[in-house]
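Observations on the model geometry
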Amino acid sequence: MVDDKYEPIIGLEIHVELKTKSKMFCGCAASWFGKEPNTLCCPVCLGLPGALPVPNKKAIEWCVMLGLALNCEIPLFSKFDRKNYFYPDLPKGYQISQYDKPFAINGSLKIKNIEEKIIRIRRVHMEEDTGKLLHAKVDGENCTLIDFNRSGVPLVEIVTEPDIRSSEEARNFLKKLHQIIRYLGISGADMEKGSMRLEPNISVRQLKTQNSNIKAISKSLNLVGDYPKYKVEVKNINSFNFAKKAIDYEIKRHLELLSNGETPAQETRGWDEKKGITYSQRSKEEAHDYRYFPEPDIPPINWTESQISNLKSQITELPDDKVDRFIKSYRLSEYDGTILTDSVETANYFEKAIEQLSNEKKNQLTPKTIANWIINKKVDTSKTSPEKLVQLIMQRTQVVQIDEKELEEIIKKILAANPKAVADYKSGKEQALLFLVGQVMRETKGKANAEQIKQKLIDLVSISRV
Amino acid sequence: MKSDIVELTIKKLRDGISQKQFSIQEVVEAYITNINKYESKINAFNTVQNDEEIQILIRALGNNTEKSLSGIPFSLKDAYVTKGVTTTAGSKVLDGYQPQYNATAYQKILNQGGILLGKNSQDAWGHGSTSENTDFKIPKNPWDKERVAGGSSGGSAAAISARMVPFAIGEDTGGSIRNPASFCGITGLKVTYGRVSRYGAIAYASSLDTVGPMAKNVEDAALVLTIIAGKDPYDATTSPLPVPNYFNELKRGIRGKRIGIPKEFFQEGTDKEVIQKVKEALYKFEELGAELIEVSIPSIDIGVAAYYLLAPSETSSNLARYDGIRYGHTRNNFTVETMRRIMIGTYALSAGYYDAYYKKSLKARTIIIKDYKKAFEKCDMLIGPVNPTPAPKLGELTSDPVQLMLSDVYTLTQNIAGIPSLALPCGFSSTGLPIGMQIMGNMFDETTILQTGYAYQQATDWHKMKPKL
């Protein structure tokens, strides 16, 4: 779809709600989703006169841990700032956020599209969520209601550099980020509950070609350094697929404008998921001046090196490392390792099952077999414990190895005793085979599995002279 | 004896109650009597608690009559939120507002058995130094009712001066406790930033706002500070430093202490009588065994400019919540002075102007902090006047906003630096108006300045003078 003379420049801003017990600056519960409106509020998150914010230590630590997981530097000095703007869901008239001294900077995340690629992370910072507006009809009148349950819920914002070149790369990045957040256990990162919200920034630039009129074109494109002078931000997208669609929609729109010699307007656009289109929300001229200044109610944060290394040591093994280890320790393929580590729950399930193997069992059961069972979804891992899984596999595999000869004897016996059924099967009646399988199963007292018996039966029938 | 109740120190009131010389009821009534007598002339209260509410508080004491403030009446600047008691911060924007929680300082006083008599009149949001910038009552100076009580905690100072309460909690962002204390002839303490919780103090300028006691004398101020000071889990800017018992440590004396006299505090334009009275006080300290040293705070010149960028910048953000959606009143209810400060602050923080104004004022702040640090290397405290003049007439300063700003010249830099400063009376003008001095201390060294003020009040009677009403 992308014209070979142009390439998309994409950066992402991602907001993630942390699942701390309490809100960012007060003691109210942070688990707002699905709660009765305005039941998780106090003077602080309602912004009542005289109330003051006291930062949530856990939320800050989690933000730093996410920064570390994204290979960021953690500056030893950090602070909060006020972002001033009016909106009814913002009860203080400003949002406490971080401006020029975020908790984490200059990170990177490796993604795999067709080949590996590094996407640079510009910053990871901490802020508070706003309340929620509900447009409803009350007593026959259209009105807007405000629910402050979400007000003050800890929010981490991750900003990438504009290193992404396609909607597919964007989706891969988001999936990887989502996976890491889930591994850290710091957020449900549940798109449907809005605890992870996506804002792609998109522009399209011309590729350097041998074209002679390149200078004229780049002049018309208003290139700033390497990047186009404009960018379009699409707000509050709540699924990876919508992000991909919105990016594709924008790229196409920009290309059309550019090929007509126009420069797309710098603006903020919304995503209409029903129509599958973006629409203009705010132009550059209407952009806010947020009048950031240091939050005077919260002292700056000064970390020590040991505090940071302590947080680093608390970070769980991340997906990339886990895949490598699985491949090495369990002799799995990269494909198996990747699938098993997709969620930390599956990875842990797999390792718990491995733990069940005594030395004796290890000779009979390889990690690869266990991996296959989990990957091929032969069992429902949410209902079967790892212990039970190992038992199950043992039961079914033992028969094959131990009773091969015995099974043959039994089958021969059954074939001899049931000449009619054998004849029926030979004349094409599938039912007869099932009957024979049943007979064998009864004789083996369930030690052999049906599939195995069936194969053996077919082999033996074909050579039988009955 | 009972007619003198209103002249007694808090300690003596407590002793008298314990020894049954008089009852809590009698103490409270003595003050209520004065409120009933003088309030119509003085305008010290936006809200006076009714008898029933006061009786509920007295009954609530039950047998708990031996706490440090059991049965002691007090008032609060109307900037403190008080659950179920109307709180306006002096602005119509909050007309009729009933808070849902108690300010920490208020709660601590309630916990010690204090009896709230009412909420004091003030400049709206603390924006002013005469208490005339209000949508409600304009307090009058009990020494001359044609004159201002000062501001922005004017109502609290007037109430103490007129013996309507023994103490009050004021709020000082750029002199708002010290200025009216000085104009009204009482004692007021601006504490170190972080010494007393600001939780529940309706914010004017968050990095400058301080919560402090106002009383007839240093002894009472020290007693109240001991109660309200300390780390508060609801205010991240409070210090974890232990709180000394300021009251018990009052009597150590000042022999051998070095008092710095910052020459910039005696500038031209300062009233001659003011300079004379402060100088006389300095000689008194010398007599009491202190050593006087000349020091310099050259940055006082940039203090006014820095303050009137920092404070409006912060107030433009702090008042954003009064957007007309909640609290029942629109933004049209802001006064002209408040609108001026919101506009200046919004401008100073705007893209393109931030570096020239807000950022520069932060640099000035650093210079001012360094100047005070340097001065405190040479001395234990600094002394200078509070105001360049005694109390002006009503209307005199409000007509000229620049003159109003300049009247704060001696009380702004302490807030910018964060240091504590104690204002107390040191004499009277020839026209019979109180003159105040301020004793400035090093960070978190309220102990030294309270000891010094106490020593002075042991040797002089200015704090015992009261207006004829």
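Here goes a summary of the coordinates provided.

Analysis parameters
Residues numbered from 1 in each chain as written. Chains lettered and ligands numbered in written order. Predicted model: local features only at pLDDT ≥ 70, side-chain atom pairs only at ≥ 80, totals over all residues. Helix = DSSP H or I, 4+ residues; strand = E, 2+ residues; numbered from the N terminus. Rg over C-alpha atoms; globule rule 2.2 N^0.38 Å. Buried ≥ 20, exposed ≤ 12 C-beta atoms within 10 Å, placed from the backbone. Contact = placed C-beta atoms within 7 Å. Nonpolar A, V, L, I, M, F, W, Y, C, P; charged D, E, K, R; others polar. Pairing = 2+ DSSP bridges. Axes fitted to C-alpha atoms, helices over the stretch in contact; angles between N-to-C directions. Core = buried A, V, L, I, M, F, W, Y, C linked by C-beta atoms within 7 Å. Parallel < 35°, antiparallel > 145°, perpendicular 65-115°, else oblique. Left-handed = near helix turned anticlockwise from the far one by under 90°.

Along its length, chain B carries 14 helices and 13 strands. By the compact-globule yardstick of 23 Å for 469 residues, chain B fits well, its C-alpha radius of gyration being 20 Å. For chain B, the spread of C-alpha atoms along the three principal axes comes to 65 × 60 × 45 Å. Within chain B, the proportion of its 469 residues that are buried is 59%. For chain B, contacts bridging at least 24 residues in sequence account for 77% of all contacts bridging at least 6.

Time to look at the interface of chain A and chain B. Contacts between the two partners involve 23 residues from chain A, matched on the other side by 29 residues from chain B. Residue classes in the side of chain A that touches chain B are distributed as 14 nonpolar, 4 polar and 5 charged.

Moving on, we get to unusual backbone geometry. Note that the residue after Gly151 of chain B, namely Ser152 of chain B, is joined by a cis bond; omega there is 10°. Relative to the elements of secondary structure, Ser152 of chain B occurs in the loop between strand 5 (144-148) and helix 5 (154-161). Phi at Asn236 of chain A is positive, roughly 45°, even though this residue is not glycine. Position of Asn236 of chain A among the secondary structure elements: in the loop between strand 13 (232-234) and helix 4 (240-259).

All names here are of chain B. The side-chain alternation of strand 7 (residues 187-190) yields two buried faces, one formed by Thr187 and Leu189 and the other by Gly188 and Lys190. As defined by bridge partners, strand 7 adjoins strand 8 (residues 210-215) across 2 bridges and the pair is classed as antiparallel. Across the sheet, residue Thr187 finds its bridge partner in strand 8, namely Ala215. Where strand 7 meets strand 12 (residues 421-428), 3 bridges bridge the pair, whose relative direction is antiparallel. Its bridge partner being in strand 12, Gly188 is matched across the sheet by Ala423.

It is worth spelling out the environment of Ser239 of chain A at this point. Positionally, Ser239 of chain A belongs in the loop between strand 13 and helix 4. Sequence separation between Ser239 of chain A and Pro75 of chain A is 164 residues, and the spatial gap between their C-alpha atoms is 32 Å.

Residues and elements named next belong to chain B. Pairing is mixed in the open sheet, where 11 strands are placed in the order 1-3-2-6-8-7-12-13-11-9-10. This sheet does not close on itself; its edge strands, each paired only once, are strand 1 (45-48) and strand 10 (291-295). For this sheet the average axis-to-axis angle between neighbouring strands, irrespective of direction, equals 30°. With 7 bridges connecting them, strand 12 and strand 13 (residues 434-441) associate as antiparallel partners. Looking at the pairing, Phe428 lines up with Pro434 of strand 13. Across the sheet, helix 5 touches strand 1, strand 2 (73-77), strand 3 (115-120), strand 6 (167-172), strand 7 and strand 8, and the angle it forms with strand 6 is around 155°.

Turning to the nonpolar core, a few remarks are in order. Nonpolar side chains in soluble globular proteins tend to be buried together. Of all hydrophobic cores here, the largest spans 212 residues; its most connected members are Cys63, Leu66 and Val124 of chain A. The greatest single-element share of this core, amounting to 9 residues, is contributed by helix 1 (residues 57-69) of chain A.

Sheet strands pair by backbone hydrogen bonding; their relative direction is either parallel or antiparallel. All names here are of chain A. Pairing is antiparallel in the open sheet, where 3 strands are placed in the order 4-3-16. Because the sheet does not close on itself, it has two edges, and the strands there are strand 4 (94-97) and strand 16 (293-294). Summarising the sheet, strand 3 (residues 81-84) and strand 4 pair through 4 bridges and their orientation is antiparallel. Bridge pairing in strand 4 places Arg82 opposite Ile96.

What follows concerns the packing of helix 9 (residues 300-318) of chain B against helix 11 (residues 355-378) of chain B. All names here are of chain B. Running from N to C, helix 9 and helix 11 cross one another at 125°; their axes reach a closest spacing of 9 Å. Regarding the angle of helix 9 to helix 11, the classification is oblique. Read as a crossing pair, helix 9 and helix 11 show a hand that is left-handed. Contacts between helix 9 and helix 11 pair Ile302, Gly303, Ala306, Leu309, Leu310 and Ser313 from the former with Tyr357, Tyr358, Ser361, Ala364, Arg365, Ile367 and Ile368 from the latter. For the contact of helix 9 with helix 11, the residue count by class is 9 nonpolar, 3 polar and 1 charged.

This part takes up the environment of Tyr97 of chain B. Residue and element names in this part refer to chain B. Tracing the chain through its elements places Tyr97 in the loop between strand 2 and helix 4 (104-111). Since 20 C-beta atoms lie within 10 Å of it, Tyr97 is described here as buried. Counting along the chain gives 79 residues from Tyr97 to Ser176, while the straight-line C-alpha distance between them is 23 Å. Contact partners of Tyr97, with chain neighbours within four places excluded, come to Thr86, Thr87, Thr88 and Tyr327.

This next bit is on the environment of Gly128 of chain B. Residues and elements named next belong to chain B. With respect to the element layout, Gly128 can be found in the loop between strand 3 and strand 4 (140-141). Classification of Gly128 by C-beta neighbours within 10 Å gives buried; the count is 28. In the structure, Gly128 is positioned 23 residues away from Gly151 in sequence and 6.0 Å away in space, judged by C-alpha atoms. Not counting residues up to four positions away in its chain, the partners in contact with Gly128 are Asp123, Asn133, Gly151, Ser152 and Glu337.

Keep in mind that these numbers describe shape and distance, not what the molecule does.
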